[in-house]
Amino acid sequence: MAGTAVRGRLTWELAELVEVVVETPHVKTIVLDVPSWPGHRAGQHVDVRLTAADGYQAERSYSIASAPDGTRVALTVQRLEDGEVSPYLTDELRPGEKIELRGPIGGYFVWEPSDGGPLMLVAGGSGVVPLMAMIRTRAAARDDTETRLLYSSRSEDDVIYRDELERLSGNGLGVVHTLTDSQPPGWTGYARRVDPEMLAEVAPRPAQRPRFYACGPTPFVEAVAEALVRLGHDPPAIKTERFGPTGR
Amino acid sequence: MDELMLDGNAVAGLLQEVFAVEMTTAVGTCGGCGAPGPIAAVHVYRGAGIVLRCPHCGNALAKIVKGDSRAWIDLTGIRVLEVTV
């Protein structure tokens with residue numbers, strides 16, 4: 001990647017908080033400026049490191065939410081009540097303050113318009129973040145790759161990027177929500193966990209050779225990947241990224 | 001299934017720190033069952049150290065312990081590691 005001094009070598013860089021966007025009651029996006037940023041590909045993540053006054057350090061990984069945009073990098077962070085890092089990022093950090101960050105990291109769970117499609121994205125909760133980077137990259141490039149997002153959330157209030165997804169729909173992008181725990185009055189969409197029947201209805205047929213990206217908590221990703229294989233999709237075309245309870 | 005299990009994407013930063021190349025696209029061949037696959041897809045368990053297991057047979061591919069300025073890496077469970085150079 002252009003601008004990277006030594007290819008592959010990761011170094012900790014200072015990133016300055018520019019802006020905070022409230023996404024849902026538990027999720028915020030922090031927009032950072034990283035002067036040395038070499039650019040990234042949709043789906044990549046960064047490691048964030050916080051150092052306490054006594055020298056104690058905590059590191060977590062966060063997916064990049066934004067399309068490549070100069071030195072700006074947006075991370076969407078779910079606040080974990082007993083978290084060591086996320087409450088600081090979402091509630092304590094103020095514009096102008098700095099944190100340590102390294103990246104971009106990862107080369108497997110990435111998509112670029114030149115990779116083509118059809119693209120089938122399957123998100124569980126905040127697993128939508130790296131997939132949103134793909135959708136934003138596709139939109140920024142005015143790419144028309146046929147893309148579908150199946151996005152599972154607990155309730156309508158927990159849907160991250162709800163308005164932007166609605167705005168970006170069309171031009172080959174279809175967004176299908178399922179609300180697992182509660183639904184607003186008059187909801188006619190899916191109201192259950194993602195299952196094989198839902199994937200069969202929403203995903204392109206195996207004959208269309210879709211590329212899958214599934215991201216979410218481990219049980220969600222396991223269930224989706226198993227169902228897709230059972231529906232006859234090619235295992236190497238199913239890329240997965242599992243979120244843990246400690247950060248991603 | 002262990003809900004605390006993660007995958008190779010979760011240790012991409014640590015692996016790149018150690019090997020100085022992007023490692024999630026590296027392909028490891030399991031020393032147990034012989035199945036090849038991308039490091040991104042291995043199962044990862046984090047405790048005092050990190051254990052990478054084959055997603056097909058569960059064999060421990062690698063064990064990594066990270067200290068402040070050193071890392072100890074046991075790769076006895078990987079037969080071949082194919083890396084882009």
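Asker: Would you mind going over the nonpolar core with me for this structure?
Answerer: The tendency in soluble globular proteins is for nonpolar side chains to be buried as a group. A:Leu75, A:Leu121, A:Val122, A:Leu131, A:Tyr213, A:Ala214 and A:Val224 are the most contacted members of the largest nonpolar core, which totals 77 residues. Residue-level mapping places this core at the junction of two domains, with at least three residues from each of domain 1 (13-105) and domain 2 (113-243) of chain A.

Asker: How do you make sense of the pairing of strand β6 (residues 60-66) of chain B when you look at a structure like this?
Answerer: Where a strand is regular, its side chains alternate between the two sheet faces. Residue and element names in this part refer to chain B. Here strand β5 (residues 50-53) pairs with β6 via four bridges, running antiparallel. Bridge assignment links valine 51 to a residue of β6, and that residue is lysine 63. Between β5 and the antiparallel strand that follows it, β6, lie six residues; glycine 58 among them carries a positive phi value of about 85°. Direction of pairing for β6 relative to strand β7 (residues 71-74): antiparallel, over a ladder of four bridges. Its bridge partner being in β7, lysine 66 is matched across the sheet by alanine 71. Taking the residues that link successive antiparallel strands as the turn, the β6-β7 hairpin has four residues.

Asker: What exactly am I supposed to notice about the sheet that holds strand β10 (residues 211-217) of chain A here?
Answerer: Strand pairing in a sheet is mediated by backbone hydrogen bonds. Such pairs are either parallel or antiparallel. All names here are of chain A. Strand order in this open sheet of five strands is β9-β8-β7-β10-β11, and the pairing throughout is parallel. The open sheet has two edge strands, β9 (173-179) and β11 (238-243), and neither has a second partner. Each strand axis lies, on average, 10° off the axis of its neighbour in the sheet, ignoring direction. By the bridge criterion, six bridges tie β10 to β11 in an arrangement that is parallel. Within the sheet, the bridge partner assigned to alanine 214 lies in β11 and is threonine 240. Helix α2 (residues 128-140) contacts β7 (119-124), β8 (147-153), β9, β10 and β11 of the sheet and is inclined by roughly 150° relative to β8. Set on the sheet, helix α5 (residues 218-230) makes contact with β7, β10 and β11; between it and β10 the angle comes to about 150°.

Conventions used here
Residues numbered from 1 in each chain as written. Chains lettered and ligands numbered in written order. Predicted model: local features only at pLDDT ≥ 70, side-chain atom pairs only at ≥ 80, totals over all residues. Core = buried A, V, L, I, M, F, W, Y, C linked by C-beta atoms within 7 Å. Buried ≥ 20, exposed ≤ 12 C-beta atoms within 10 Å, placed from the backbone. Domains from an automatic or database assignment. Pairing = 2+ DSSP bridges. Helix = DSSP H or I, 4+ residues; strand = E, 2+ residues; numbered from the N terminus. Axes fitted to C-alpha atoms, helices over the stretch in contact; angles between N-to-C directions. Contact = placed C-beta atoms within 7 Å.

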